[in-house]
Amino acid sequence: MSEQLSADVVVIGSGICGSLVAQRLAKQGISVIILESGPRIDRGTLTENFRNSPRKKDFMSPYPYSDWSPHPVYKPEDNDYLQQQGPYPFPAEYIRIMGGTTWHWAAQAWRVLPNDMKINTLYGVGRDWPLSYEELEPFYYEAEVKMGVSGAPDNGSPRNQPFPMEPVAESWLQQRFRERLAPGGYDVIVNTTARNSRNYDGRPACCGNNNCMPICPIDAQYHGGIAAQAAEAAGAKLITNAVVYRLEHDEKGRIVAAHYYDPDKGEHKVTAKNFVLAANGIESPKLLLISASDKYPDGLANSSGTVGRHLMDHPSNSLTFETEEPLWAGRGPMSPASINSLRDGDFRKDYASFRIDIANSSQVQSVTQDLLAEGVYGISLDNEIRRRASHQTSLKNVMEQLPNYDNRIILSDKKDKLGIPKPAAIYHMDDYVHRGMARAVKEYTVIARLMGGTNLRFSKPGVYGNNQHITGTMSMGHDPKDSVVDAFGRTHDHENLFITSTGVMPTSATVNSTLTAVALALRTADHLAKTAL
């Protein structure tokens, strides 16, 4: 056992939530240690890894994999880390390195709608949140200022102050979708994103590289690596390659120490007054479950039996087609605009709400692969690549999935190199989602017609994409009998253990979950600093 470390607060996980909590606390003079299971990495190395990777569509390929801190890898073959034990696959992608998974996000930073937080009261489905939109609004704005967020002011989420950033200039594809769909009653708005349109916080404006995923090569979009650096600059101590395998508690149930392994399985112990669990919606419940003890045989924070349960994402179906006019996808952000008219309404009593995302990703690789498979070669191949790549585009939805008690993360009986149990997913898809997907197909068909679309190729019915928005596995609520944390992220069972993660969100809504998770994390940090330290 090495020399013991101690701090006012230990944060487990250096992703965007954990790092921004650490920064906020450290700036107030509170001593903070961040424990990160993966290695330290820099943008230059990741960018070079991406340039050298033959798998440009594999968003995990640039990221280092460490056998002491494994994460799911599916290409070129499945590494069998996230076990699948349910009837429907849950192929989550996340990264265990300094800064976490937002290194490879699309920077979409939406607020939920006020009605999203009370869907059970309004529509009789899902769960209500234990706080109101108005309570979260100032922390939304604080998060937006930190991240440099821009968007359409009329996106349905009320604001007390304007966005701190202006949107990136429209791409040609975005402009033509907006103009051609307007007569059909579709309002195409710019996506709400944490992407610079001007120099901001020492980072440059977007230059249109069109590989926001898997890595922005110039840091024009915000990510967890920037947050981790900001936490260190504020005075937090960041320890990488520190794989926390157990949280220790005293006889009163207070957490007293985090135990971690280094890559050689050397054992270390860190003590603190308070602990913030800020790993993602899979790794966090895994740690709570493996920290089971005689006093807590079902795992920590789990008197409700809901740790790991209510697993959600945003399942998607899609349409790929060729537009009447060339739109030249591939310049500017990969996901610039969307249609938001079906995010809310009485129909939510019957089927899932969704947002329709319009893709602007370069089509060159995908059309080239299709043409080679068709046997096209020579001058014809060159000409057809140009034609198809300029006309081809796609739509997908970001669909709400209701919390289902039986959708969950559990411990597998298989273990990783350090002897830590691997996580396993049990996942189902219900008729609420299937009915929403059917409505989305109807909308896609109308949109394609308005764009003069041909060669329509819908995704396979009943087979949905996973958007890597891991939500709900440690849900917040007022009642300790059916939730893990309260409205401030404090666990019901342990007065000095807080959780900041997309996993605390009770419902998934119709938008990417990062900004909401950050806003909740900043609210947790504010409460922690005022009441527990």
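These remarks concern the structure in this document.

Rules used in this analysis
- Residues numbered from 1 in each chain as written.
- Predicted model: local features only at pLDDT ≥ 70, side-chain atom pairs only at ≥ 80, totals over all residues.
- Heavy atoms only, no water.
- Pairing = 2+ DSSP bridges.
- Helix = DSSP H or I, 4+ residues; strand = E, 2+ residues; numbered from the N terminus.
- Salt bridge = Lys/Arg side-chain N within 4 Å of Asp/Glu carboxyl O.
- Axes fitted to C-alpha atoms, helices over the stretch in contact; angles between N-to-C directions.
- Parallel < 35°, antiparallel > 145°, perpendicular 65-115°, else oblique.
- Contact = heavy atoms within 4.5 Å.
- Nonpolar A, V, L, I, M, F, W, Y, C, P; charged D, E, K, R; others polar.
- Core = buried A, V, L, I, M, F, W, Y, C linked by side-chain atoms within 4.5 Å.
- Buried < 20%, exposed > 50% of the residue type's maximum accessible area, 1.4 Å probe, protein only.
- Patch = residues over 30% accessible without salt bridge, like charges linked within 9 Å, V, L, I, M, F, W, Y side chains within 5 Å.
- Areas by Shrake-Rupley, 256 points an atom, 1.4 Å probe, with all protein chains shown as cover.
- Phe/Tyr/Trp six-rings, centres within 6.5 Å; stacked < 30°, edge-to-face > 60°.
- Lys NZ or Arg CZ within 6 Å of the ring centre and 35° of its normal.
- Right-handed = clockwise from strand over helix to strand, strands pointing away.

### Digging into the sheet that holds strand E14 (residues 421–426)
The sheet built from three strands is open, its strands ordered E3-E14-E13 with mixed pairing. Each having just a single partner strand, strand E3 (83–84) and strand E13 (408–415) make up the two edges of the open sheet. Looking at chain direction, E3 and E14 are connected through two bridges and run parallel. Residue pairing for E14: Gln 83 is matched across the bridge by Ala 424.

### Points about the pattern of salt bridges
Charged atoms that come close allow side chains of opposite charge to pair. Applying the stated criterion across every chain yields a total of 33 salt bridges. The partner of Asp 8 in a salt bridge is Lys 273, with the nearest N and O atoms 3.5 Å apart. Placement of Asp 8 in strand E1 (residues 5–12) and of Lys 273 in strand E8 (residues 267–277) is noted, with a sequence separation of 265 residues between them. A salt bridge links Glu 325 to Arg 180; the shortest N-O distance between them is 3.1 Å. Of this pair, Glu 325 sits in the loop between strand E9 (318–322) and strand E10 (337–339) while Arg 180 sits in helix H5 (residues 172–181); the two residues are 145 residues apart in sequence, bridging distant segments of the chain.

### A short note on the packing of helix H4 (residues 133–147) against helix H11 (residues 514–531)
At their nearest, the axes of H4 and H11 sit 8 Å apart, and the two run at 110° to each other. With respect to each other, H4 and H11 are oriented roughly perpendicular. Packed against H4, whose contacting residues are Glu 135, Leu 136, Phe 139, Tyr 140, Glu 142, Ala 143, Glu 144, Lys 146 and Met 147, the element H11 presents Leu 515, Thr 516, Val 518, Ala 519, Leu 520, Leu 522, Arg 523 and Asp 526 at the interface. Of the residues in the contact of H4 with H11, the class split is 10 nonpolar, one polar and six charged.

### Points about the nonpolar core
Judged by nonpolar contacts, the single largest core of 94 residues is most densely connected at Leu 25, Val 32, Leu 35, Met 147, Leu 247 and Leu 288. Ranked by residues supplied to this core, first place goes to H11 with 10 residues. Not counting residues up to four positions away in its chain, the partners in contact with Met 147 are Ile 16, Trp 105, Ala 109, Ala 194, Arg 203, Tyr 222, Leu 515 and Val 518.

### Brief notes about the environment of Thr 47
When you line up the elements, Thr 47 lands in helix H2 (residues 43–52). For the pair Thr 47 and Pro 214, spaced 167 residues apart in sequence, the C-alpha separation works out to 8.9 Å. Apart from residues no more than four positions distant in its own chain, Thr 47 is found in contact with Ile 215 and Pro 217.

### Focus: unusual backbone geometry
Residue Pro 76 follows Lys 75 across a cis peptide bond; omega there is 0°. Summarising the element assignment, Pro 76 is placed in the loop between H2 and E3. Going from Met 213 to Pro 214, the amide bond is cis rather than trans, its omega being 15°. By the element assignment, Pro 214 lies in the loop between strand E4 (188–190) and helix H6 (224–234).

### Examining a nonpolar patch on the surface
Taken together, the side chains of Val 441, Leu 456 and Phe 458 define a hydrophobic patch exposed on the protein surface, amounting to about 210 Å² of accessible area. On the basis of relative accessibility, which here comes to 31%, the residue Val 441 falls in the partly exposed class.

### Comments concerning the packing of aromatic side chains
Taken as a whole and judged by the stated rule, the model has six aromatic pairs. Between Tyr 88 and Tyr 427, the aromatic rings sit 6.2 Å apart at their centres with planes inclined by 65°, giving edge-to-face as the arrangement. Highlighted residues: Tyr 88 in the loop between E3 and helix H3 (119–123) and Tyr 427 in the loop between E14 and helix H10 (431–450), separated in sequence by 339 residues. One exposure class covers both Tyr 88 and Tyr 427, and it is buried. Considering the side-chain rings of Tyr 133 and Tyr 140, the 6.0 Å spacing of their centres and the 45° angle between planes classify their relative orientation as tilted. Among the residues examined, Tyr 133 registers a relative accessible area of 4% and is labelled buried. The rings of Tyr 88, Phe 90, Tyr 427 and Tyr 464 are connected pair by pair, giving a single aromatic cluster. One Lys or Arg, Lys 56, reaches over the ring of Phe 50 and ends 5.5 Å from the middle of that ring.

### Concerning the pairing of strand E2 (residues 32–35)
The two faces of E2 match: Val 32 and Ile 34 on one face and Ile 33 and Leu 35 on the other face are all buried. Two strands pair when backbone bridges link them, and E1 and E2 are joined in this way by four bridges, in the parallel orientation. For Ile 12, the partnering residue across the bridge sits in E2 and is Leu 35. Between the parallel pair E1 and E2, the chain is carried across by helix H1 (residues 16–26), and the sense of this crossover is right-handed. Pairing analysis gives three bridges linking E2 to strand E5 (residues 237–239), with the strands arranged parallel. Paired with Ile 34 across the two strands is Leu 238, which belongs to E5.

### Notes on the environment of Thr 45
With respect to the helices and strands, the residue Thr 45 is situated in helix H2. Looking at Thr 45, the relative accessible area reads 32%, which means it is partly exposed. Thr 45 sits 66 residues away from Arg 111 along the chain, and the two C-alpha atoms are 32 Å apart.

### Examining the environment of Pro 183
Along the chain, Pro 183 falls in the loop between H5 and E4. Between the alpha carbons of Pro 183 and Ala 230 there is a distance of 46 Å; along the sequence they are 47 residues apart.

### Considerations on the sheet that holds E10
Here we have six strands laid out as an open sheet, ordered E4-E10-E11-E12-E9-E15, and antiparallel in their pairing. The open sheet is flanked by E4 and strand E15 (454–458), the only strands paired with a single partner. Across the sheet, the axes of successive neighbouring strands diverge by a mean angle of 25°, strand direction being ignored. Relative to strand E12 (residues 392–399), helix H9 (residues 378–391) is tilted by about 35°, and along the sheet it contacts E9 and E12.

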